[in-house]
There are 2 protein chains.
Amino acid sequence: MDETQALDALGALSQETRLRIVRLLVTAGPDGMAAGAIGEAMGATSSRLSFHLTHLEHAGLVQSRRDGRSIRYSAVYDALSGLIAFLMRDCCQGHPEVCTPAVAALSACACPSPEPAA
Amino acid sequence: MDETQALDALGALSQETRLRIVRLLVTAGPDGMAAGAIGEAMGATSSRLSFHLTHLEHAGLVQSRRDGRSIRYSAVYDALSGLIAFLMRDCCQGHPEVCTPAVAALSACACPSPEPAA
DNA sequence: TTAATATGTCAAGACACGTTGAGATGTAAG
DNA sequence: CTTACATCTCAACGTGTCTTGACATATTAA
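For clarity, every value in this text was computed on a predicted model and none was experimentally measured.

Now for the protein's contact with DNA strand C. If you check the shell around DNA strand C, you find 22 residues, and the closest are Ser 47 of chain A together with Ala 34, Gly 36, Ser 47 and Ser 70 of chain B. When contributions to the surface near DNA strand C are tallied by element, the ones reaching two or more residues are α4 (46-58) of chain A together with α3 (35-42), α4 (46-58) and β3 (70-75) of chain B. For the surface near DNA strand C, the element with the highest residue contribution is α4 of chain B, accounting for five residues.

In structure tokens form, the structure reads like this:
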């Protein structure tokens, strides 16, 4: 991920509705959710939802596919991990005190670390 | 870091000049840099630079202190690692495939991981 | 004090963003 | 074909963001 892509992703995530959509879709898994279900969860009108989903898709954070008369949206994991890696790469430039606490936060997640301590 | 703080931080970083300022200050270390030096590096006028530095300070990403007739700005490491941790926490909700690659990217940094492999 | 340096403040303008409501398009069922 | 459903597109409006230029404030030196 280069600077331009990172700026797009950061801009897309810096809006409340969009950040919540991404979080919802991450937890929804690879199958994603239909636009209608997302809109219901967000309490957003169809045009407002479409605006934000289009924005997220342009930023590469979500992808869509038609499923019957619905359109299902799902999170693009590579983009999310790419953004996190971009921030870490920058912040780690000789200053491990930035990213080391972030890695420690991983322990609080259900994620398997490369070298699990416990 | 809660959602509101994360939105502020993401919004602050989603602007080219501000993202570059943060990257510059992270590499500059704890002593930071004088506003004039930052402005020179950015090619920004004093008012434009002040606008962005104030924005970053309000978002909690940088801090300032007077040093003679200069004002030195430095990165707030806790805020940066907090943001990274926030993104990881959200993205890891049952989907380790998001944050595991990001952790792997750490190996490319000069950062000591909690359990260094090599 | 006076002058020079370093930075911040303010108002104005151009532009981008987010929301709304109406309508258009595509898809499936009767 | 007609109807209902699901979603997108478009224009319009208010609001926020970024830049610029002129000016104000704080600090140091002569």
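Now, onward.
A separate point is the sheet that holds strand β2 (residues 62-67) of chain B. Residues and elements named next belong to chain B. Taken together, the three strands give an open sheet; going across it, the order is β1-β3-β2, and neighbouring strands pair in antiparallel fashion. Looking at which strands have only one partner, the edges of the open sheet turn out to be β1 (33-34) and β2. Two elements, β1 and β3, share two bridges in a ladder whose sense is antiparallel. Within β3, the residue paired with Met 33 across the bridge is Tyr 73. Seen against the sheet, helix α2 (residues 16-28) touches β1, β2 and β3 and runs at an angle of roughly 90° to β3. Contacts between α4 and the sheet are confined to β2 and β3, with β2 contributing the most and set at about 120° to the helix.

Calculation rules
- Residues numbered from 1 in each chain as written.
- Chains lettered and ligands numbered in written order.
- Predicted model: local features only at pLDDT ≥ 70, side-chain atom pairs only at ≥ 80, totals over all residues.
- Near = placed C-beta within 6 Å.
- Helix = DSSP H or I, 4+ residues; strand = E, 2+ residues; numbered from the N terminus.
- Pairing = 2+ DSSP bridges.
- Contact = placed C-beta atoms within 7 Å.
- Axes fitted to C-alpha atoms, helices over the stretch in contact; angles between N-to-C directions.

Note that all results are geometric; they support no functional claim without further evidence.
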